[in-house]
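Chains, contacts and geometry: an overview
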Amino acid sequence: MFYHEDCRWFSGYKPCTHKRNCKNCPDYQAVENRITILSLEAMGAVLRSTCLLNPIKRKYPNSFITWITLPQCKPLLEGNLLVDRIVAVRPETIPLIEYLECDILFAVDKSLEAGAIAEKIRAKQKLGFGLTESGVIRPLNKEAQYQYDLGLDDNKKFYENEKPETQQITETMDLEWQRDPYLLDLSPAELGEVSKRREKILDTGKISDKKFKGIIGYNTGCSTLFPYKKFTIEKGIDTIDMWRRSFPDYAVVLLGGKEDHERQEAMLGAFSHDAGVFNSPCHEGLRSGILWMAAADIIFSGCSLGMHIAIALKKKIVAWFGVSCIQEIDLYDRGIKLQAEVSCSPCWKKSCGKAIKCYEQVTVPTIEQAFQRLIND
């Protein structure tokens, strides 16, 4: 038998997606560059790193892309049409990661764990960040120096830098920045499920026997690492109350992960009389959560994974910032960014001793004005 072992679709394990004999196959694509992207975490950062895929394909059109990440991030990449192989880092996959050879490594993360893996990967060219034997993160190429310096200088990162993180990582990898989008692909079956969920929400709550016009998705939580990127339950209830009063023809859906279940139940309980407030399940997994968000029209979120998913889904979004750097996030002209009115923002602190937290300085009237602008648009 004849096989195109250099074809993008050939694995040597089972028939490829086209299920044809290799000889004279019209879908044969010879791989010219084998590329590895190393982006482990945080989850929002992994999703943001998908902005590299289009620039890579422009520069290396006949490439095979392997993405190395952590198991919990894998659902963010599944079904991505430009990612050929996903390798989740587990003890049993370490030999594979160390054995595979590639032409180019794009090492996105600045962390000890990712840096060590970057140093172990067999690549002819390495870009991004690695690790010295003494455990110091280092830039692997001259183009990575700007982002490297930014991480070591708070004044430069917080106040001088004006580049969004998407531009930073693209330029770090010596790729052409064209404000490329995040890429999050949904299968036809998933799109069908999104439509079902959306219609169920629009049909369930009715105003004068009419469907709701649209859906507001409220991302209620954030990473436990930075707890001040979310509102209190009370602030969340006040915000939902404003939406239901000011935009009565929009349903509100609570969106969050398993750690947000109790918070969302408490918020929902305050609106047991209101058919326009819904709770999405928090225990169905990340991919299901993405589909619930896809069913909404406008998303409200702090600077968290939920915000990045909304960006990837090309949703209208109102995002608020306190802990993190507002200028580093690109909403791609589809949203409004709100800055907490505090002098200490950004701080990137995991704990705060101030009596009044930054999330208390994003007022409900300010949120209302932002939604009014997006809805009118």
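Quick note: structure is the one above.
All values derive from a computational prediction rather than experimental measurement.

Turning our attention to the pattern of salt bridges. If you walk through the whole model with that rule in mind, you get 22 salt bridges. Glu190 is paired through a salt bridge with Arg287; the nearest N and O atoms lie 2.8 Å apart. With Glu190 in helix α9 (residues 188–204) and Arg287 in helix α12 (residues 286–294), this pair connects stretches of sequence that are 97 residues apart. Just as Glu190 is buried, Arg287 falls in that class too.

Taken as a whole, the second largest pocket spans an internal volume of roughly 990 Å³. Contributing to the lining of the second largest pocket are 33 residues, with Arg8, Ser11, Phe64, Asp84 and Arg85 lying nearest its centre. At the level of elements, β1 (33–38), β2 (63–69), β3 (85–88), α4 (94–99) and β4 (101–107) are the ones that each hand at least two residues to the lining of the second largest pocket. Its residues assigned to classes, the lining of the second largest pocket comprises 18 nonpolar, six polar and nine charged.

Another point: the nonpolar core. Within the largest apolar cluster, 36 residues are counted, with the highest numbers of intra-cluster contacts made by Met307 and Leu313. Met307 has contacts with Asn219, Ser301, Gly302, Ile317, Ala319, Phe321 and Ile329, leaving out every residue within four places of it along the chain.

Once that is clear, we can look at the pairing of strand β8 (residues 250–255). Most of β8 sits out of view: six of its six residues are buried. Every second residue of β8 is oriented toward a common face, with Tyr250, Val252 and Leu254 on one face and Ala251, Val253 and Leu255 on the other, all of them buried. In this structure, strand β7 (residues 214–219) lies alongside β8, joined through six bridges in parallel fashion. Looking at β8, one finds that Asn219 is bridged to Leu255. Examined bridge by bridge, β8 and strand β9 (residues 277–279) share three bridges and lie parallel to one another. Across the sheet, residue Leu254 finds its bridge partner in β9, namely Asn279. As for the winding sense of the linkage, the β-α-β connection from β8 through helix α11 (residues 261–269) to β9 is right-handed.

Calculation criteria
Residues numbered from 1 in each chain as written. Predicted model: local features only at pLDDT ≥ 70, side-chain atom pairs only at ≥ 80, totals over all residues. Heavy atoms only, no water. Salt bridge = Lys/Arg side-chain N within 4 Å of Asp/Glu carboxyl O. Helix = DSSP H or I, 4+ residues; strand = E, 2+ residues; numbered from the N terminus. Buried < 20%, exposed > 50% of the residue type's maximum accessible area, 1.4 Å probe, protein only. 1 Å grid on protein atoms, 1.4 Å probe; cavity = no way out; pocket = protein on both sides within 12 Å on 5 of 7 lines; lining within 4 Å. Points joined across faces, edges and corners; volume = space filled by probe spheres on them. Nonpolar A, V, L, I, M, F, W, Y, C, P; charged D, E, K, R; others polar. Core = buried A, V, L, I, M, F, W, Y, C linked by side-chain atoms within 4.5 Å. Contact = heavy atoms within 4.5 Å. Pairing = 2+ DSSP bridges. Right-handed = clockwise from strand over helix to strand, strands pointing away.

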